[in-house]
Amino acid sequence: MSLTPATDIVGTKKSGRPIGLLLVAAPVLLVAWMIIWPIISAIGRTIWLPDEGGAERFSLETYRFFFTDQYSLNNLSVTLWTTGVCALLLVLICLPIALYLRFAKGRLAAYVQGLAIFPMFVPSIILSYAVIRVLGPNGTVDLLLNSVGLPHIRSPYLTPWGPVIGLVWDNIPLTVLILLSGLGNVSNQSIEAARDVGAGRLALLWHIILPRISNSILVAVSFTVLGIFSAFTLPYVLGPAAPEMMGPFMQRTFRDLNDPTSAITQAVITFCFCIVFGLFYVRSVAKNRTT
C-alpha cells in the first residue's frame, strides 16, 4: 500500500511533463517565428545576392563594403563610444542611488525613488524636446547664464554628448530597479556583522555589497547596452548628422538611400555586437538557476 502514493506521484509528474511543454510551446513558437526566423532570413539576404542574370550567389560584398567604408566605420565607432560612456555613467549614477534607497528610511527616500523612476513614464520624444529647451542654444541654461552676465556654454545638442545625456536619463529607472533588486540579496545581518568587526563604509561596499550584486550589475549593463546600441529617437533628434549612431544610420540607409540590403547588413552587424551582451545575460540567468 505504501508504494501506491509514490507511484501516483511519479505518474503525476510524468503526465505533467507534456502539459508543461504545451504551456511553453506557444511562446517558444512565437519567438521562433517573430525573432529567430527574421534573423536567419536577414542573414540569408545579405550573403545570398542576385547576380546580373537574376540568380542568387554567395557573396560577402555588403559586409566587405561596410568594413571598408570610412563613414560606416565612423558610425559604428560613435555607437560603441556612446554605448560604453552611457553604461559607465549609468553604473556610476545609479549605484549610489540604489544603495541609498536600499538602506535609507523615511519620506525623503520615497521622494528620491519617485524621481529615479519618473523618467520611465516620459516618452523619448518629450525627453528630447526637454533637453533641447534646457540645454540647447538659447535654452534655459543659456538664459540663466546670460541673466547673471556669464558667457554661453557650448550646447551638447547636435553633438555626440547630446544622445549620451538623453540616453542616460532615459535608462536610469531600469538600471536603478535592477540594482535595487540585487541589493535585496544583501541582508542587514551581514552588514551589521561586518560593522561589528570594524569594517568601514568602503570595506562594506567592496567586500560585502559588490560581490553580492555583481550579477545584477552585469544584468543592468547588458540591458543598457542592448537598449542603447540600437536606440533611434534620442540619437536621431539630439545627435549630430554625421557621424550618427547605428539606429538612425539604418533608417536613413533604408528610407533615404533606398538600399534595403545595406540596411539589413547594418542590422546584422548591430545584432552581432548585441548578442555578445545578450549571452552575458543568459549566462547570468543560467548561473543563478544552478546555484
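Predicted model only: the values in this text are computed from it and were never measured.

Draft legend 1. Looking closely at the overall build of the protein. Looking only at helices and strands, one finds 12 helices and 2 strands in the protein. Of the regular secondary structure in the protein, the N- to C-terminal order runs α-β-β-α-α-α-α-α-α-α-α-α-α-α. At 25 Å, the protein has a C-alpha radius of gyration far larger than the 19 Å of a compact globule built from 291 residues. Seen through its principal axes, the protein has C-alpha atoms that stretch 75 × 70 × 30 Å. Burial analysis of the protein (291 residues in total) assigns 34% to the buried set.

Draft legend 2. Highlighting helix α5 (residues 124-135). Compared with the 16 Å implied by 1.5 Å per residue over 12 residues, the 16 Å span of α5 between its first and last C-alpha is a close match. For α5, the set of buried residues is L127, S128 and V131. Here the buried residues of α5 occupy an arc of 105° about the axis, which is enough to place them on one side. Elements in contact with the buried residues of α5: α7 (161-183) and α10 (233-238).

Draft legend 3. Structural view of the side chain of S59. Structurally, the position occupied by S59 is in the loop between β2 (56-58) and α2 (61-68). Setting aside residues up to four positions removed in sequence, S59 forms contacts with T46, I47 and L49.

Draft legend 4. Region of interest: the nonpolar core. Counting 36 residues, the largest nonpolar core has L167, L179, L183, I209 and I213 as the members making the most contacts within it. Among the elements that make up this core, the one with the highest residue count is helix α9 (residues 201-229) (9 residues). When near neighbours in sequence (up to four residues on either side) are disregarded, L179 contacts C94, L95, A98, S216, I217 and A220. Residues Y63, F229, M246 and I264 belong to the second largest nonpolar core, which totals 13 residues.

Draft legend 5. Structural view of unusual backbone geometry. In this chain, A242 is followed by P243 through a cis amide linkage whose omega measures -5°. Considering the arrangement of structural elements, one finds P243 in the loop between α10 and α11 (246-255). Positive phi outside glycine occurs at N138, with the angle close to 60°. Positionally, N138 belongs in the loop between α5 and α6 (140-147).

Draft legend 6. Quick peek at the environment of L177. With respect to the helices and strands, the residue L177 is situated in helix α7. For L177, a relative accessible area of 36% translates into the label partly exposed. Put simply, L177 and A116 are 61 residues apart on the chain and 9.1 Å apart in space, counted from C-alpha to C-alpha. With near-sequence residues (within four places) excluded, L177 lies in contact with I117 and M120.

Draft legend 7. Inspection of the pattern of salt bridges at higher detail. Applying the stated criterion across every chain, the model contains 4 salt bridges. As a salt-bridge pair, R255 and D256 come within 3.0 Å of each other at their nearest N and O atoms.

Draft legend 8. Molecular detail of the packing of aromatic side chains. Under the counting rule described, the total for this entry stands at 6 aromatic pairs. On the numbers, 5.7 Å between centres and 70° between planes, the contact of W48 with F58 is edge-to-face. A residue pair is termed long-range when its members are at least 10 positions apart, and W48 in strand β1 (residues 48-50) and F58 in strand β2 qualify at 10 residues. When the ring of F232 is compared with that of Y236, the centres are 5.1 Å apart and the planes differ by 20°; the resulting orientation is stacked. For F232, a relative accessible area of 33% corresponds to the partly exposed category. Under the relative-accessibility criterion, Y236 is labelled partly exposed at 44%.

Draft legend 9. Representation of the packing of α5 against α7 in the model. Taken N-terminus to C-terminus, the directions of α5 and α7 make an angle of 130°; their axes are 10 Å apart at the nearest point. By the angle between their axes, α5 is oblique relative to α7. In this structure, α5 crosses over α7, and the sense of that crossing is right-handed. Here α5 contributes S124, L127 and L135 to the contact with α7, which in turn contributes I165, G166, W169 and D170. Taken together, the residues of the contact of α5 with α7 break down into 4 nonpolar, 2 polar and 1 charged.

Draft legend 10. Geometry of a nonpolar patch on the surface. A cluster of nonpolar side chains, L30, V31, W33, M34, I35, I36, W37 and I40, forms an exposed patch at the surface whose accessible area comes to about 870 Å². Following the sequence through the fold, I40 ends up in helix α1 (residues 3-47). The class for I40 is partly exposed, based on a relative accessible area of 49%.

Draft legend 11. A look at the confidence of the model for the protein. Mean pLDDT for the protein: 84, with 91% of residues reaching 70 or above. Least confident of the elements in the protein is α1, whose mean pLDDT is 72; most confident is helix α3 (residues 70-103), at 93. Low confidence marks residues 1-13, where pLDDT is under 50. Its contacts with residues over four positions away, or in another chain, come to 0 contacts.

What counts as what
- Residues numbered from 1 in each chain as written.
- Predicted model: local features only at pLDDT ≥ 70, side-chain atom pairs only at ≥ 80, totals over all residues.
- Heavy atoms only, no water.
- Helix = DSSP H or I, 4+ residues; strand = E, 2+ residues; numbered from the N terminus.
- Rg over C-alpha atoms; globule rule 2.2 N^0.38 Å.
- Buried < 20%, exposed > 50% of the residue type's maximum accessible area, 1.4 Å probe, protein only.
- Expected span 1.5 Å × (residues − 1).
- Arc of directions from axis to C-beta.
- Contact = heavy atoms within 4.5 Å.
- Core = buried A, V, L, I, M, F, W, Y, C linked by side-chain atoms within 4.5 Å.
- Salt bridge = Lys/Arg side-chain N within 4 Å of Asp/Glu carboxyl O.
- Phe/Tyr/Trp six-rings, centres within 6.5 Å; stacked < 30°, edge-to-face > 60°.
- Axes fitted to C-alpha atoms, helices over the stretch in contact; angles between N-to-C directions.
- Parallel < 35°, antiparallel > 145°, perpendicular 65-115°, else oblique.
- Left-handed = near helix turned anticlockwise from the far one by under 90°.
- Nonpolar A, V, L, I, M, F, W, Y, C, P; charged D, E, K, R; others polar.
- Patch = residues over 30% accessible without salt bridge, like charges linked within 9 Å, V, L, I, M, F, W, Y side chains within 5 Å.
- Areas by Shrake-Rupley, 256 points an atom, 1.4 Å probe, with all protein chains shown as cover.
- pLDDT = per-residue confidence, 0-100.

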